[in-house]
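# A look at the structure
Single-letter residue listing:
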Amino acid sequence: MKALIPLSLAVLAGIARGASVEVNAPVREANFVGYIAQQSLPYQSLRRWPSLRARILSEDSSSGRLAAYVEFPRGWHARRLPALAQSVEVIVLDGGLTFGTDALAHYDFAFVPPGRSPPSLGSRDGAHALVFFDPPAADAAAVGRQQQRGAYVTRFDPARWQPASLARSAGATADLKVMHLKKDPFTTARTWYVKLEGGMTVPWEVHSMPEEGYLMEGSYRLAECLPARTVIGNYVQGGYFWRPGGIAHSGPESGPQGPVIWLQRSPIALDVVFYQRCVAGTAGEPLRPGSKP
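Attention here is on the structure that accompanies the text. (Residues numbered from 1 in each chain as written. Predicted model: local features only at pLDDT ≥ 70, side-chain atom pairs only at ≥ 80, totals over all residues. Heavy atoms only, no water.)

### Observations regarding the state of the cysteines
Scanning the entire structure with this criterion turns up 1 disulfide. Bridging Cys 225 to Cys 278, the disulfide has an S-S length of 2.1 Å. Measuring the twist about the S-S bond at about -90 degrees, one finds the Cys 225-Cys 278 disulfide to be left-handed. Linking Cys 225 in strand β20 (residues 219–225) with Cys 278 in strand β26 (residues 273–279), this pair joins segments that are 53 residues apart in sequence. The two residues Cys 225 and Cys 278 agree in class, both being buried. (Disulfide = S-S within 2.5 Å. Helix = DSSP H or I, 4+ residues; strand = E, 2+ residues; numbered from the N terminus. Buried < 20%, exposed > 50% of the residue type's maximum accessible area, 1.4 Å probe, protein only.)

So, in structure tokens, the structure goes:
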């Protein structure tokens, strides 16, 4: 028993200093779901579209939120899917889908507002896609305007990458490019791609709203400052997280391991505050203009 005491003290000392714990398996703590490897999940019936099978990335049965990696078999076709209380987003990963009169290909995006039936959906040669079911916004008027606008498609187009910068005013050095798939003018909900290069530094950051991510390409090392411990792990293509608001993440140990593309989502426009440190779930020392992460 005595031999265990120094080890325990060392671990506690590391936690006190804010050291991170390496993780190589899914983490589900403080309502956070992360370090999910889509490829390792079992297939099951997609209850909302029961003729399809899916790998469930995350789910909240109380709100109806569901994120899934869905397999569309060759020759599958649904002329009319039921209207759902949730909105639906579809992002094609490989293969092709028909969405009404539109043909969706690699990384294309489609949106169906809550309470509206999707147009006919099918796949001639088979496809895999991310499908997100989200509860409607609390603002009934905003939902009504979404319904009036109806379903729509956004194409993936390399010419649409736009330069951006992460906290340049705060002294951070994370240059990136973004491509918006959805900037809802009624609810401010966002879905977008983020493209980053390797060899960059990122500060700790905190958002007041939930954020969701799926790694489309590359490898990314990411830390999460959870209340009980700070964890860090590697995401590769197919990696997924859903993070509630208020959890600090990123930090000096995080960053891309070369070029990466993330798909990211938030139910309202994303805000952010950057910090120099985070210990035991609490971020401290906000970054200000001219400071260094």
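### What to know about the sheet that holds strand β13 (residues 127–134)
Sheet strands associate in pairs through backbone hydrogen bonding, adopting either a parallel or an antiparallel arrangement. If you trace the 7 strands from one edge of the open sheet to the other, you get β4-β5-β6-β13-β8-β11-β14, paired in antiparallel fashion. Two strands in the sheet have a free side with no partner beyond their single neighbour: β4 (44–45) and β14 (152–154). Strand direction decides the pairing type here: strand β5 (residues 53–60) and strand β6 (residues 65–72), joined by 7 bridges, are antiparallel. If you follow Arg 55 over to β6, its bridge partner there is Tyr 69. (Pairing = 2+ DSSP bridges.)

### Some remarks on the pairing of strand β21 (residues 230–236)
Along β21, 5 of the 7 residues are buried, which leaves the element largely enclosed by surrounding structure. Taken together, the 2 bridges between strand β1 (residues 21–22) and β21 define a ladder with parallel strand orientation. Counterpart to Glu 22 in the pairing with β21 is Ile 232. Strand direction decides the pairing type here: β20 and β21, joined by 7 bridges, are antiparallel. Counted as the bridge partner of Ser 219 is Val 236 from β21.

### Thoughts on the sheet that holds strand β12 (residues 121–123)
Pairing within the open sheet is antiparallel, and its 4 strands lie in the order β7-β12-β9-β10. The open sheet has two edge strands with one neighbour each: β7 (76–78) and β10 (102–104). Neighbour-to-neighbour, the strand axes of this sheet turn through a mean angle of 20 degrees, independent of strand direction. In the sheet, β7 pairs with β12 via 3 bridges, with the strands oriented antiparallel. Across the sheet, Trp 76 pairs through a bridge with Ser 123, a residue of β12. (Axes fitted to C-alpha atoms, helices over the stretch in contact; angles between N-to-C directions.)

### Digging into the environment of Gln 257
Relative to the assigned elements, Gln 257 resides in the loop between β24 (255–256) and β25 (260–266). When the C-alpha atoms of Gln 257 and Arg 221 are compared, they prove to be 7.1 Å apart, with 36 residues separating the residues in sequence. If we skip the residues at most four places from it in the chain, Gln 257 touches Ser 219, Tyr 220 and Arg 221. Among the polar contacts made by the side chain of Gln 257, one reaches the main-chain carbonyl oxygen of Gly 255 at a distance of 2.9 Å. (Contact = heavy atoms within 4.5 Å. Polar contact = N/O pair within 3.5 Å; in protein donor to acceptor, adjacent residues only side chain to side chain.)

### Topic: the pattern of salt bridges
One pass over the full model with this rule turns up 15 salt bridges. In this structure, the salt-bridge partner of Arg 265 is Asp 134, at a minimum N-O distance of 2.2 Å. With Arg 265 in strand β25 and Asp 134 in strand β13, the pair connects residues that are 131 residues apart, well separated along the chain. Take Arg 265 and Asp 134: they sit in the same class, and that class is buried. Between Glu 212 and Arg 265 there is a salt bridge whose closest N-O contact spans 2.5 Å. Of this pair, Glu 212 sits in strand β19 (residues 211–217) while Arg 265 is found in strand β25, placing the two residues 53 residues apart along the sequence. In terms of burial, Glu 212 and Arg 265 fall into one category: buried. Three or more residues are tied together by salt bridges with common partners; here these are Glu 89, Asp 134, Lys 182, Glu 212 and Arg 265. (Salt bridge = Lys/Arg side-chain N within 4 Å of Asp/Glu carboxyl O.)

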